[in-house]
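In case you want the letters, here they are:
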Amino acid sequence: MIFTPPTVSDVPLLFPISAIVAAGTTRVISFPDEFLGVAVNLKITNNDGANAATYRVGQDAMNNRNLAASSFDTISNSNIKYLQVVAGAGDTVLVEAQAYEIERAELAGVVAT
């Protein structure tokens, strides 16, 4: 078997996603359910100048991360299906992501062979 390097046509197409979490609210973003994709890169921006925000990647209860006022955080080269964001009382949190499309077999719960 001869190895052939991947070409541009072999790389899955990434599409941009943005979601705004309103001030003083909690939002759970399920990328497979809402966008039919999986996030591979994230940028979370806290637009609140006075209050911190928190976020949690995945469904792990012990994984809360603090996002200081007027700051942002990035997560790169990951496979993120769920993100929970708690915005501060003063302003919104902007979530921007690059995602790749889930295969139809994954949506149906069928394992491709």
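Along each chain, residue indices are assigned from 1 in the same order as the chain's sequence is written. Under the rules for a predicted model, residues below a pLDDT of 70 receive no local features and side-chain atom pairs below 80 are neither given nor counted, while totals for whole chains, interfaces and linings still include all residues. Side-chain metrics in this entry use all non-hydrogen atoms of the structure; hydrogen atoms and water are not considered.

Asker: Mind showing me how you'd approach the overall build of the protein chain here?
Answerer: When you go through the protein chain residue by residue, the secondary structure sums to two helices and eight strands. Each helix is a run of H or I in the DSSP string that is no shorter than four residues. Each strand is a run of E no shorter than two, and both are numbered from the N terminus. Traced from its N-terminal end to its C-terminal end, the protein chain shows the element sequence β-β-α-β-β-β-β-β-β-α. When a residue's accessible area, from a 1.4 Å probe over protein chains only, is under 20% of the maximum for its type it is buried; when over 50% it is exposed; and in between it is partly exposed. Here the protein chain holds 113 residues, and 30% of them are scored as buried. Residue contacts are defined here by distance: any two heavy atoms, one from each residue, within 4.5 Å place the two residues in contact. Contacts in the protein chain between residues far apart in sequence, at least 24 positions, make up 73% of those at least 6 positions apart.

Asker: Just to check I follow, could you spell out the environment of Asn79 for this structure?
Answerer: Of note, Asn79 is situated in the loop between β6 (72-75) and β7 (82-86). What makes Asn79 exposed here is its relative accessible area of 53%. In the structure, Asn79 is positioned 20 residues away from Ala99 in sequence and 9.0 Å away in space, judged by C-alpha atoms. Discounting residues that sit within four places of it in the chain, Asn79 has contacts with Val38, Ala39 and Tyr100.

Honestly, it's all geometry; don't read function into it.
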